[in-house]
Amino acid sequence: MANYHKPEAKTIQELRDIAIKLRIHSIEATQASKSGHPTSCSSMAEIMSVLFFHTMRYKVSEPRDPNNDRFVLSKGHAAPILYAAWAEAGLFPSSELLNLRKFDSDLEGHPTPRLNFVDVGTGSLGQGLSVAAGMAYVGKNYDKASYRVYCLIGDGEAAEGSIWEALHFSSYYKLDNLCAIFDINRLGQSEATSLQHNMEVYRKRLEAFGFNALVVDGHDVEELAKAFHEAQNIKGRPTAILAKTFKGKNFPEIENLDNWHGKPLGGKANEVIQHLNGLLKNIGPAGLRPQKPLVDDAPAVDISNITLAAPPSYKIGDQVATRLAYGTALAKLAKYNPRVIALDGDTKNSTYAEKIKTVDPARFIEGFIAEQNIVGVAIGAACRDRTVAFVSAFATFFTRAFDQIRMGAISQTNVNFVGSHCGVSIGEDGPSQMGLEDIAMFRSIPGSTVFYPSDAVSAERAVELAANTKGICFIRTSRPNTAILYNNDELLAIGKAKIIKSSAKDQVLVIGAGVTLHEAIKAADELAKAGISIRVMDPFTIKPIDAEAIVKNAKEVGGRIITVEDHYPQGGLGEAVASAVALERNVIVKILAVPTVPRSGPPTVLLDNFGISSRNILTAVRDILKY
């Protein structure tokens, strides 16, 4: 192997000793917390020793330095050994490890970015490799830097389909700066894994997915050092190190046995620690420290104060779909800032994400039909503030990536999601393609912002605002063309509603969004002919909802509110409004929403038959005036 030099005997022994110390730390920490996964930590001790004290390049004093190698612990339940590695590296005193899982400690049961050496929250299994692939994609294609990305995966979680989506993505894009490490310790939580120690099957599968697959003894530090060196020198494809390990390695009467998953060692702890101490050759502090020189070649990045390169340019009354306006705004942002990127799962010509390619084709990432992976890739791409990522799909298809999205919130990510083809207004494609749960889903994400623009001007401004908003953002875009409502210089803000129609004689406040706002406007015009005045509100954001404006306007019209939405009733606009007025006296809310699973048909027919057309609003207004 080119330029490979076997580590000196002293180094090999030191790495063995560090692995033993990491095991001891993991036992002591889980004993102190009376919970945790010491046997899962033990199987990967040599991997962590060689990675953190021989292979990876990073500044201990600055764990998130952009030039550092990245490490993702997909197998998040092995958090104690990750914490132990950083303690042994000198980031904090090893005595802190005894605070594992305590309420006032950031050393949580599974890693989260509350810790400065953790980029993403892990522990919901099967997600780490997608995140690592996103980091590696940015490093290879945007940063064009020499840092590498390592992801440690448990063999149990390798049954998750998202792992195989990530393997395909990584191979397709030739991410040779990515190394996936499989800790194949044979045992799952309740029984043995399906492949157990069938290393040849693992090797063939990884090779079939285009990886440089290396089978190693995961407890042999010399084999691991050699494998990591090969991974660093392979070009044109990523590497998978398939490490054959044993759960509870070096734990007498526990190693490779069932029923020790997720349990501290209890009464056996002292005996096991005594045995491990007996294996140490160097009892004192580790002589090895991370010292490999960094290459400072990751460019400085500024993703603050991003604006549209040109303001919206529409005429009042023109018919433009908000999904098209999203694509237009995305291209404008990309033109303004070189770190704006777009990801999509083979729907780019429907979501209009492809418009970013007119600015720079390299800033579009095709994820193909693998939404779970593409969400994870976006989370990885946004880590360390390297990019502003927009992920688009039909709104309904984000539901299959809900776990990745909620983990994104735990990871403190700033990814922006754009869901098109929402509601029955998409028409003949039918209910499998209709986003009818998406508002509820994204509203439930802590810290999220949910935009629902109703015309092209507000859609462009929503994209601009999302690019500068912390946390997860969701922009709901519509398939049909809708009329331009706002002047191009209209000021729109998060949590601030707009009144579209009003008079001193208004008797009902009707709140709609997207296509239903336009239905409300039609209903207002019809009712005016009959001498009935209603006020029409555009909430712009469903979360946060403009509670102050809703309450104020409701009181001005006698306390009567009707909400109308192209969404199921649960968790949507109506429930957001109802929550806003829950403590107000003499305010009633009537919710018009899609009540049942819909069917195919022309959009206007569906809007009418499922209760959210202007005709239905007319009826609802007359009904609520009886109260």
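Residues numbered from 1 in each chain as written. Predicted model: local features only at pLDDT ≥ 70, side-chain atom pairs only at ≥ 80, totals over all residues. Heavy atoms only, no water.

Caption draft 1: Fine view of the UniProt feature "domain: Transketolase-like pyrimidine-binding" (unreviewed entry) in the chain. When the UniProt feature table is mapped to this numbering, "domain: Transketolase-like pyrimidine-binding" (unreviewed entry) covers residues 320-484. The distance separating the terminal C-alpha atoms of residues 320-484 is 7 Å; by composition the span is 35% helix and 19% strand. (UniProt positions renumbered as here; feature names shortened; annotations may be inferred. Helix = DSSP H or I, 4+ residues; strand = E, 2+ residues; numbered from the N terminus.)

Caption draft 2: Broad picture of the pattern of salt bridges. Evaluated as defined, the whole model comprises 33 salt bridges. For Glu-62, the salt bridge is made with Lys-59, and the minimal N-O distance between the two is 4.0 Å. Taking the shortest distance from any N to any O, the salt bridge between Arg-203 and Glu-200 comes out at 2.2 Å. Pair noted here: Arg-203 and Glu-200 are both in helix α7 (residues 199-208), with a separation of three residues, about one helical turn. The exposure class assigned to Glu-200 is partly exposed, which follows from its relative accessible area of 37%. Three or more residues joined by partner-sharing salt bridges are found here, namely Asp-506, Arg-535, Lys-552 and Glu-556. (Salt bridge = Lys/Arg side-chain N within 4 Å of Asp/Glu carboxyl O. Buried < 20%, exposed > 50% of the residue type's maximum accessible area, 1.4 Å probe, protein only.)

Caption draft 3: Representation of the domain arrangement of the chain. Partitioning the chain into structural domains gives domain 1 (9-279), domain 2 (318-484) and domain 3 (498-625). Relative placement of domain 1 and domain 2: their C-alpha centres are 33 Å apart. In total, domain 1 and domain 2 occlude about 2400 Å² of area from one another, counting both sides; carbon and sulfur atoms represent 55% of this. Considering only the side of domain 1, the residues that lose the most area to domain 2 are Gln-127, Tyr-142 and Glu-165, jointly responsible for 24% of the buried surface there. Taken together, the links from domain 1 to domain 2 amount to three salt bridges. The residue Arg-384 makes a salt bridge to Asp-119 at a minimum N-O spacing of 2.9 Å. Residue contributions to the side of domain 1 that touches domain 2 peak at seven residues, all from helix α5 (residues 128-141). When its residues are assigned to classes, the side of domain 1 that touches domain 2 shows 14 nonpolar, ten polar and eight charged. (Domains from an automatic or database assignment. Buried area = accessible area lost by both parts, 1.4 Å probe. Nonpolar A, V, L, I, M, F, W, Y, C, P; charged D, E, K, R; others polar.)

Caption draft 4: Structural detail: the sheet that holds strand β5 (residues 239-244). Read across the sheet, five strands follow the order β1-β2-β3-β5-β4 without closing on themselves; strand pairing throughout is parallel. What marks the edges here is a single partner per strand, and that holds for β1 (70-73) and β4 (212-217). Neighbour-to-neighbour, the strand axes of the sheet open up by a mean angle of 20°, direction not taken into account. Those strands touched by α5 are β1, β2 (149-154) and β3 (178-184), and its axis lies near 170° from that of β2. (Pairing = 2+ DSSP bridges. Axes fitted to C-alpha atoms, helices over the stretch in contact; angles between N-to-C directions. Contact = heavy atoms within 4.5 Å.)

Caption draft 5: Fine view of the nonpolar core. Counting residues in each nonpolar core, the largest one holds 86 residues, and the members touching the most others are Phe-182, Phe-398 and Phe-417. It is α5 that contributes the most residues to this core, eight residues altogether. Ranked by size, the runner-up nonpolar core spans 52 residues in total, among them Ala-19, Met-44, Leu-115 and Val-118. (Core = buried A, V, L, I, M, F, W, Y, C linked by side-chain atoms within 4.5 Å.)

Caption draft 6: Looking closely at the sheet that holds strand β17 (residues 541-543). Pairing is mixed across the open sheet formed by seven strands, whose spatial order is β8-β7-β9-β10-β12-β11-β17. Either end of the sheet is taken by a strand with one partner, and the two such strands are β8 (364-366) and β17. Shown here is a sheet whose adjacent strand axes are inclined to one another by a mean of 20°, direction ignored. Of the pairings in the sheet, the one linking strand β11 (residues 449-451) to β17 comprises two bridges and is antiparallel in character. In the strand pairing of β17, Val-450 is matched with Lys-543.

Caption draft 7: Representation of the pairing of strand β9 (residues 388-394) in the model. Along β9, seven of the seven residues are buried, which leaves the element largely enclosed by surrounding structure. Direction of pairing for β9 relative to strand β10 (residues 416-420): parallel, over a ladder of five bridges. What sits directly across from Val-391, in β10, is Phe-417. Chirality of the crossover, the property in question, places the unit of β9, helix α13 (residues 402-410) and β10 among those that are right-handed. (Right-handed = clockwise from strand over helix to strand, strands pointing away.)

Caption draft 8: Region of the structure containing the packing of helix α16 (residues 515-529) against helix α20 (residues 614-624). Closest axis-to-axis distance for the α16/α20 pair is 8 Å, and the angle between their directions is 60°. With respect to each other, α16 and α20 are oriented oblique. The handedness of the crossing between α16 and α20 is right-handed. For the pair formed by α16 and α20, the contact residues are Thr-516, Glu-519, Ala-520, Lys-522, Ala-523, Glu-526 and Leu-527 on the first element and Ser-614, Ile-617, Leu-618, Val-621 and Arg-622 on the second. (Parallel < 35°, antiparallel > 145°, perpendicular 65-115°, else oblique. Left-handed = near helix turned anticlockwise from the far one by under 90°.)

Caption draft 9: The packing of aromatic side chains, seen in detail. What the rule picks out here adds up to 22 aromatic pairs. Centre to centre, the rings of Tyr-172 and Phe-368 are 5.2 Å apart; their planes meet at 85°, and the pair counts as edge-to-face. Here Tyr-172 is found in helix α6 (residues 161-172), whereas its partner Phe-368 is found in the loop between β8 and α12 (371-382), with 196 residues between them in sequence. Using a relative accessible area of 31% as the deciding quantity, one classes Phe-368 as partly exposed. Grouping aromatic residues by their ring pairs yields a cluster made of Phe-52, Tyr-58, Phe-71, Tyr-83, Trp-86, Phe-92 and Phe-117. In this structure, Arg-70 is placed above the aromatic ring of Tyr-147, and the distance from its NZ or CZ to the ring centre is 3.6 Å. (Phe/Tyr/Trp six-rings, centres within 6.5 Å; stacked < 30°, edge-to-face > 60°. Lys NZ or Arg CZ within 6 Å of the ring centre and 35° of its normal.)

Caption draft 10: Expanded view of the side chain of Asp-176. Residue position: Asp-176 is located in the loop between α6 and β3. Relative accessible area serves as the criterion here: at 12%, Asp-176 is assigned to the buried category. Excluding its chain neighbours within four sequence positions, the residues that come into contact with Asp-176 are Lys-140, Arg-148, Ala-231, Ile-234, Lys-235, Gly-236, Arg-237 and Pro-238.

Caption draft 11: Local environment of α7. The complete set of buried residues in α7 reads Met-199, Tyr-202 and Leu-206. Each buried residue of α7 sits inside an arc of 60° when the element is viewed along its axis, so together they form one side. Residues of α7 that are exposed and angled more than 90 degrees away from the buried face: Lys-204 and Ala-208. Where α7 is buried, its residues meet α6, β3, β4 and β5. One or two steps after α7, the chain reaches Gly-210, where phi turns positive at roughly 90°. (Arc of directions from axis to C-beta.)

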